Amino acid sequence: ILIPCIVKEEVTAQVQREVADRMEKERLENEGERKKSRNKARKRVRKGKGLHVPSTKNQIRSLERTLTRRSDRMTEEVKQQIRTKLEGLRKEFEAVKLSLKEREMVDKYRKVKFFERKKLQRRLTTAIRKLETLEPGTA
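Residues numbered from 1 in each chain as written. Predicted model: local features only at pLDDT ≥ 70, side-chain atom pairs only at ≥ 80, totals over all residues. Heavy atoms only, no water.

(A) Focus on the packing of helix H2 (residues 56–70) against helix H3 (residues 76–134). Viewed as axis vectors pointing N to C, H2 and H3 meet at an angle of 155 degrees, and their least axial separation amounts to 10 Å. Classified by the angle between their axes, H2 and H3 sit roughly antiparallel to one another. Viewed along their axes, H2 and H3 form a crossing whose handedness is left-handed. Between H2 and H3, the residues in contact are Thr56, Lys57, Gln59, Ile60, Leu63, Glu64, Thr66 and Leu67 and Lys79, Ile82, Arg83, Lys85, Leu86, Leu89, Arg90, Glu92 and Phe93, respectively. (Axes fitted to C-alpha atoms, helices over the stretch in contact; angles between N-to-C directions. Helix = DSSP H or I, 4+ residues; strand = E, 2+ residues; numbered from the N terminus. Parallel < 35°, antiparallel > 145°, perpendicular 65-115°, else oblique. Left-handed = near helix turned anticlockwise from the far one by under 90°. Contact = heavy atoms within 4.5 Å.)

(B) Region of interest: H2. With 15 residues, H2 extends 21 Å between its outermost C-alpha atoms, agreeing within 8% with the 21 Å of an ideal straight helix rising 1.5 Å per residue. On its buried face, H2 sits against H3. (Expected span 1.5 Å × (residues − 1).)

(C) View of a positive patch on the surface. Taken together, the side chains of Lys57, Arg61, Arg65, Arg69, Arg70, Arg73 and Lys97 define a basic patch exposed on the protein surface. By residue number, the principal contributor to the positive patch is H2, which donates five residues. Considering the arrangement of structural elements, one finds arginine 65 in helix H2. (Patch = residues over 30% accessible without salt bridge, like charges linked within 9 Å, V, L, I, M, F, W, Y side chains within 5 Å. Areas by Shrake-Rupley, 256 points an atom, 1.4 Å probe, with all protein chains shown as cover. Salt bridge = Lys/Arg side-chain N within 4 Å of Asp/Glu carboxyl O. Lys, Arg positive; Asp, Glu negative; His and termini not counted. Charge placed at Lys NZ, Arg CZ, Asp CG, Glu CD.)

(D) Spatial organisation of the pattern of salt bridges. Taken as a whole and assessed by the stated rule, the structure comprises five salt bridges. We note a salt bridge from arginine 90 to glutamate 64, for which the minimum N-O separation is 2.4 Å. One end of the pair, arginine 90, is in helix H3; the other, glutamate 64, is in helix H2, and 26 residues separate them in sequence. Classification of arginine 90 as partly exposed rests on a relative accessible area of 39%. Glutamate 64 sits in the partly exposed class, given a relative accessible area of 32%. For lysine 119, the salt bridge identified is with glutamate 116, shortest N-O distance 3.3 Å. Of the two residues, lysine 119 and glutamate 116 are both situated in helix H3; the distance of three residues between them amounts to about one turn of the helix. (Buried < 20%, exposed > 50% of the residue type's maximum accessible area, 1.4 Å probe, protein only.)

Given below as structure tokens:
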């Protein structure tokens, strides 16, 4: 079967249009998905879930780096402000570290207290049973 050149060109043009339409459709779908994800991120920020505050450890590292790298460009006033802020953050970090350690110790010794209490309860029940067997009817 021979296809005239005109028909061949029309077919290839039609195929090209279909391919272009598919690509456009996929592009629009991808943009829609991107917009949805952006909207979710915005909603999270609005709700307060997505707001990220750097940890004290990271803040300390950042301030130390600024002091070491840019100290030649800073005035003494700015350096002193950064140093005081750094001292405050270090104290805060030590307090947080201490509270974490205390919480860890409480959890650790909570188990010990539980086991000791169980031991005492068992001893008490055995002592009560022995009393009952020695003196029936009085306990």
